[in-house]
Amino acid sequence: AEMAARLSENRLVSLPLSRIRVIMKSSPEVSSINQDALFLTAKATELFVQYLASYSYKHGRGKEKNALTYTDLSHTAEECETFQFLADILPKKILASKYLKMLEKEKRDGEVGGDDEEEEEEDEAE
């Protein structure tokens, strides 16, 4: 009966529990993983990804094309306080030429920076 309950429980989650277990075990602080904790972590992750995607879609330009774009996701990470912790994982895309100019400027000034507002238009064309 417990095995049947676990099987039906697993269907409530789309993410593969075995992969999530591997990721959780990669942390040195984790010695063992309770099945309930594994399931709840998977479900919470799934709900978070759904929330990020729907928020990004609703607030982005992708809905004009009925699509969620990387630019929508990176804009959400940059602009929405809730998702700002993802800014390093979802950086704004820039053109290689602009990146090379930034590197040159860094060599001269010792600091990377600059405005990248006009870049969003170019990202959509890719």
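A quick note: this is a predicted structure, and the numbers were derived from the prediction, not measured.

Enquirer: What is the right way to read the overall build of the protein chain from this model?
Expert: Within the protein chain one finds 6 helices and 0 strands. Counting from the amino terminus, the protein chain carries its helices and strands in the arrangement α-α-α-α-α-α. A total of 126 residues make up the protein chain; the buried ones form 24% of that total. Looking at the protein chain alone, contacts between residues at least 24 apart form 44% of all its contacts between residues at least 6 apart. Accessible area of the protein chain: about 9,200 Å², with a carbon and sulfur share of 56%.

Enquirer: Looking at this structure, how should I read unusual backbone geometry?
Expert: Of all residues except glycine, most have a negative phi; of all peptide bonds, most are trans. We note that N66 has phi near 55 degrees; this positive angle belongs to a residue other than glycine. Tracing the sequence through the fold places N66 in the loop between α3 (35–59) and α4 (70–79). By relative accessible area, which is 63% here, N66 ends up exposed.

Cut-offs applied
Residues numbered from 1 in each chain as written. Predicted model: local features only at pLDDT ≥ 70, side-chain atom pairs only at ≥ 80, totals over all residues. Heavy atoms only, no water. Helix = DSSP H or I, 4+ residues; strand = E, 2+ residues; numbered from the N terminus. Buried < 20%, exposed > 50% of the residue type's maximum accessible area, 1.4 Å probe, protein only. Contact = heavy atoms within 4.5 Å. Areas by Shrake-Rupley, 256 points an atom, 1.4 Å probe, with all protein chains shown as cover.

By themselves, these figures tell us nothing about what the structure is for.
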